[in-house]
Amino acid sequence: MELRIFTEPQQGATYDTLLTVAKATEDLGFDAFFRSDHYLAMGSADGLPGPTDAWITLAGLARETKRIRLGTLMTAGTFRLPGVLAIQVAQVDRMSGGRVELGLGAGWFEEEHKAYGIPFPKEKFARLEEQLAIVTGLWATETGKTFDFHGKFYELTDSPALPKPAQAKVPVLIGGHGATRTPRLAAQYADEFNIPFASIEDTERQFARVRAAAEQAGRGADALTYSNALVVCVGKDDAEVARRAAVIGREVDELKANGLAGSPAEVVDKIGRYAAAGAQRIYLQILDLDDLDHLELISSRVQTQLT
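Residues numbered from 1 in each chain as written. Predicted model: local features only at pLDDT ≥ 70, side-chain atom pairs only at ≥ 80, totals over all residues. Heavy atoms only, no water.

1. Some details on unusual backbone geometry
The omega angle of the peptide bond from L48 to P49 is 10 degrees, so this bond is cis rather than trans. In this fold, P49 is placed in the loop between β2 (32-35) and α2 (54-64). Here L162 and P163 are connected by a cis peptide whose omega angle stands at 0 degrees. With respect to the element layout, P163 can be found in the loop between β7 (155-159) and β8 (172-175). Phi angles above zero are rare outside glycine, and D158 is one such case at about 55 degrees. Along the chain, D158 turns up in strand β7. (Helix = DSSP H or I, 4+ residues; strand = E, 2+ residues; numbered from the N terminus.)

2. Considering the packing of aromatic side chains
Aromatic ring pairs are reported here in terms of the distance separating the ring centres and the angle at which the planes meet. By the definition in use, this model includes six aromatic pairs. Ring geometry for Y39 and F79: centres 4.6 Å apart, planes at 20 degrees, overall stacked. Here Y39 is found in the loop between β2 and α2, whereas its partner F79 is found in the loop between β4 (75-76) and α3 (82-96), with 40 residues between them in sequence. Like F79, Y39 is buried. An aromatic cluster of three or more residues is present, and its members are Y39, F79 and Y116. Above the plane of the ring of F125 lies R181, whose end atom (NZ or CZ) is 4.2 Å from the centre. (Phe/Tyr/Trp six-rings, centres within 6.5 Å; stacked < 30°, edge-to-face > 60°. Buried < 20%, exposed > 50% of the residue type's maximum accessible area, 1.4 Å probe, protein only. Lys NZ or Arg CZ within 6 Å of the ring centre and 35° of its normal.)

3. Remarks on the pattern of salt bridges
Within this structure, the stated rule accounts for 21 salt bridges. Two residues, E110 and K114, come together in a salt bridge whose shortest N-O distance is 4.0 Å. You can see E110 and its partner K114 sitting in helix α4 (residues 110-116), four residues apart, about one turn around the helix. Note on E110: relative accessible area 35%, which makes it partly exposed. The exposure class of K114 is exposed, given its relative accessible area of 63%. (Salt bridge = Lys/Arg side-chain N within 4 Å of Asp/Glu carboxyl O.)

Here is the structure:
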């Protein structure tokens, strides 16, 4: 079981804060640092000092870390043209020495689009399908040859399909709860399927759908990695768990029901149940980015028991 750190900077974080967390992620032996791709805070958070762009952030971290994987859960397809996104991700992959992964989703948070003047199209899923075809097609085009694409939403003609990533293939993550289209899209394009904030029962059910879709597509179910994203709140004792829950504005019982919360032993046990449901990797949603002791506790008392 791999543990990755997953941050939500739109809730309020500077680049320097994210760099500190990314370096702690690396020093404490976690596998990767991922971040969301949002421009507007959610809930009661003030979001100060304001949003940071996902791929600008990852470009900086690419030069200031050495080992950890870097990526997004999920880049919003509404934010970037697919040709531009392919260039951005390929460049950051080269800047990192081949450590980047692209999580790509349709985009869903209409309010942030209104706030920053970003079009919010109705046909988001169909656009996502074309975006995946374009991004992966550009990267797969042999150097010296050109790439063309003629879709309903995008037209590319005689693209040199440059630059190329450092990796022979940048891992692509697709995720969600959709019962039909999402598994089909994952089976066609994804190296990893991620289900966010789901129960063990829903996880098992969705993984089964994706595995069936992969088999039907002729890839084989085990061609994909299966992962969860879950909020985490661990404490050495009940008082520490309660303190950490209060800081992020959540109730302990709710966190235990819907995420990974409690003592290290409780969290290890629940991770084991997700593993039994098919999870091979878990993205730990860290909501208090100033609490580096939390990361240290997870590393020393949870991660060590999983490896």
